[in-house]
Amino acid sequence: MAEVGIFVGTVYGNALMVAEEAEMLLARQGHHVKVFEEGELSSWQYYRNHYVLVVTSTTGQGDLPDNIAPLFCELRDVVGFQPELKYGLIALGDSSYEKFCGAGKQFDALLQEQGATRVGKSLEIDSTVDMEPEKAAAGWIEAWGHLLK
Ligand SMILES: Cc1cc2nc3c(=O)[nH]c(=O)nc-3n(C[C@H](O)[C@H](O)[C@H](O)COP(=O)(O)O)c2cc1C
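Residues numbered from 1 in each chain as written. Predicted model: local features only at pLDDT ≥ 70, side-chain atom pairs only at ≥ 80, totals over all residues. Heavy atoms only, no water.

Draft legend 1. A look at the overall build of the protein chain. If you tally the helices and strands in the protein chain, you get five helices and six strands. Reading the protein chain from its N terminus to its C terminus gives the helix and strand order β-α-β-α-β-α-β-α-β-β-α. Taken over the C-alpha trace, the protein chain has a radius of gyration of 14 Å; the compact-globule value for 149 residues is 15 Å, and the two agree within 12%. Summarising its shape, the C-alpha atoms of the protein chain cover approximately 35 × 35 × 25 Å along the three principal directions. Scored against the burial criterion, the 149 residues of the protein chain give a buried share of 50%. Within the protein chain, counting contacts between residues at least 6 apart in sequence, those at least 24 apart form 81% of the total. Accessible surface for the protein chain amounts to roughly 7,300 Å². Of this, 50% is attributable to carbon and sulfur atoms. The average position of the 11 basic charges and that of the 22 acidic charges among the side chains of the protein chain differ by 8 Å. (Helix = DSSP H or I, 4+ residues; strand = E, 2+ residues; numbered from the N terminus. Rg over C-alpha atoms; globule rule 2.2 N^0.38 Å. Buried < 20%, exposed > 50% of the residue type's maximum accessible area, 1.4 Å probe, protein only. Contact = heavy atoms within 4.5 Å. Areas by Shrake-Rupley, 256 points an atom, 1.4 Å probe, with all protein chains shown as cover. Lys, Arg positive; Asp, Glu negative; His and termini not counted. Charge placed at Lys NZ, Arg CZ, Asp CG, Glu CD.)

Draft legend 2. The nonpolar core, seen in detail. Among the nonpolar cores identified, the biggest contains 26 residues, and V4, I6, L53, V55, I90 and W144 are the most heavily contacted of them. The greatest single-element share of this core, amounting to seven residues, is contributed by helix α1 (residues 14-28). By size, the runner-up hydrophobic cluster in this structure holds 21 residues, among which are F7, L89, L110 and A116. (Core = buried A, V, L, I, M, F, W, Y, C linked by side-chain atoms within 4.5 Å.)

Draft legend 3. Just the site of the ligand, in detail. Within the structure, the ligand sits among 20 residues, and T10, A15, T58, G62 and C101 are positioned closest to it. Between the ligand and T58, the relevant distance is 2.6 Å, taken from an oxygen atom to a main-chain nitrogen or oxygen of the residue. Between the ligand and C101, the relevant distance is 2.7 Å, taken from an oxygen atom to a main-chain nitrogen or oxygen of the residue. When the ligand is considered free in solution it has 650 Å² of accessible area, and contact with the protein chains removes 84% of it. Contributions of two or more residues to the shell around the ligand are made by α1 and β4 (86-93). Split by residue class, the shell around the ligand holds seven nonpolar, 11 polar and two charged. (Near = heavy atom within 4 Å. Polar contact = N/O pair within 3.5 Å; in protein donor to acceptor, adjacent residues only side chain to side chain. Nonpolar A, V, L, I, M, F, W, Y, C, P; charged D, E, K, R; others polar.)

Next up, the structure:
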């Protein structure tokens, strides 16, 4: 079973609810899971040799929430290249904004640039469609958990 670090970017708590749902569903599959609400680089470095799941909403005009932006900057400015990293991505957003799920897309682009491997496709949750994002994510999370070794 895999070790999974879930790194959360949230303003109002929706992404945290999705992360906690993921923690529960992945743990039920036998994985060892930890949620980081104020993710630090030291925690991320540990999971580079395991699995990372990024769960982030978008704020402003396609921007990262304040609780995950510092980690993003450190990954970009300090880490540089991380080809051993395997990650999944759940992006929350609102399709009435021009940069739909912009924060999730920024994260995905950064990790791809850094040589990391995304496990499965990203999930985008649109708050104009899904009022309960944790329920919208459940099927994706279970399928993602089965891809982990
Ligand atoms: C001030 C503000 C700005 C937002 N900007 C965007 C945006 O640029 N792109 C987007 O897709 N969603 C945007 N959203 C929508 C949120 O990402 C969405 O409602 C999400 O579910 C919030 O999750 P959270 O509670 O984890 O922060 C914005 C919401 C607010 C309140």
